[in-house]
Amino acid sequence: AQSVAQPEDQVNVAEGNPLTVKCTYSVSGNPYLFWYVQYPNRGLQFLLKYITGDNLVKGSYGFEAEFNKSQTSFHLKKPSALVSDSALYFCAVGSQTGANNLFFGTGTRLTVIP
Amino acid sequence: KAGVTQTPRYLIKTRGQQVTLSCSPISGHRSVSWYQQTPGQGLQFLFEYFSETQRNKGNFPGRFSGRQFSNSRSEMNVSTLELGDSALYLCASSSTGTAPQIYGYTFGSGTRLTVV
């Protein structure tokens, strides 16, 4: 069975500080990992994905994520947080051997404090 | 290029009624998926369509149904609405019909359904 865990419902960080939003996954076969961001009253916007290759993935708006197979993690990071980064972040996983839909975590609300 | 369009944006219905939500995917996208988003459960997969065929279905009761038309537009229907069906319903489309879960989906802004 496939699943995603985002252990923190809420993350607060000061503007200018580095931020990390955590994600761990469970999947059969090779994982395909995604981060999406949701702003109020909007749908999900794609940030980045890992399919294969380099474990460090760079995405939109200065975000990056590191795939760690041994820890089954795919944490989202940014070196310097902006107030405009405040939003709801979702990690998702797909599997080549499973169904063709994505499985999402419950989301982490990031608040960047000015 | 237009994104994924969902209509209506907001909807208020009474318990026991039925509702139909519409989704127009990005032009050329033939895979369309639906998700239910609630504060406690996050995003739950409802179903996925490709070329007018339902390929995959999540763990929802039979009151939830969907269909896809020849132009790839999709509708989902919820009959006999319950208070617990209040949620944001998101539609997503993918450019590939083969393993779309590998390449990712583009999401619409959703339809917020409130059942009173």
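Summary of the structure given here. Owing to the predicted nature of the structure, the values given are computational and were not obtained by experimental measurement.

## Description of the interface of chain A and chain B
- The interface of chain A with chain B comprises 23 residues on the first partner and 22 residues on the second.
- Buried area between chain A and chain B, both sides added, is near 1,800 Å², and the carbon and sulfur share of it is 53%.
- Scanning the region where chain A abuts chain B turns up zero salt bridges.
- Inspection of the region where chain A meets chain B yields four residue pairs in polar contact (both at pLDDT 80 or more).
- Elements with a contribution of two residues or more to the side of chain A that touches chain B: β5 (31-38), β6 (44-50) and β10 (87-95) of chain A.
- Here the residues of the side of chain A that touches chain B sort into ten nonpolar, eleven polar and two charged.

## A look at the pairing of strand β9 (residues 73-78) of chain A
Residue and element names in this part refer to chain A.
- Pairing geometry for strand β3 (residues 19-21) and β9, over three bridges, is antiparallel. Across the sheet, residue Leu19 finds its bridge partner in β9, namely Lys78.
- Here five bridges tie strand β8 (residues 64-68) to β9, and the two strands are oriented antiparallel to one another. Bridge assignment links Phe67 to a residue of β9, and that residue is Phe74.
- Between the antiparallel neighbours β8 and β9 lie four residues, among them Thr72 with a positive phi of about 45 degrees.

## Description of the sheet that holds strand β3 (residues 19-24) of chain B
All names here are of chain B.
- Read from one edge of the open sheet, four strands run β1-β3-β8-β7, paired in antiparallel fashion. The outermost strands of the open sheet, each flanked by one partner alone, are β1 (5-7) and β7 (64-68). The mean angle between the axes of side-by-side strands here comes to 20 degrees, regardless of whether they run parallel or antiparallel.
- Sheet topology note: the β7/strand β8 (residues 74-78) ladder contains five bridges and is antiparallel.

Scoring rules and cut-offs
Residues numbered from 1 in each chain as written. Chains lettered and ligands numbered in written order. Predicted model: local features only at pLDDT ≥ 70, side-chain atom pairs only at ≥ 80, totals over all residues. Heavy atoms only, no water. Contact = heavy atoms within 4.5 Å. Buried area = accessible area lost by both parts, 1.4 Å probe. Salt bridge = Lys/Arg side-chain N within 4 Å of Asp/Glu carboxyl O. Polar contact = N/O pair within 3.5 Å; in protein donor to acceptor, adjacent residues only side chain to side chain. Helix = DSSP H or I, 4+ residues; strand = E, 2+ residues; numbered from the N terminus. Nonpolar A, V, L, I, M, F, W, Y, C, P; charged D, E, K, R; others polar. Pairing = 2+ DSSP bridges. Axes fitted to C-alpha atoms, helices over the stretch in contact; angles between N-to-C directions.

These results come straight from atomic positions and should not be treated as a statement about function.
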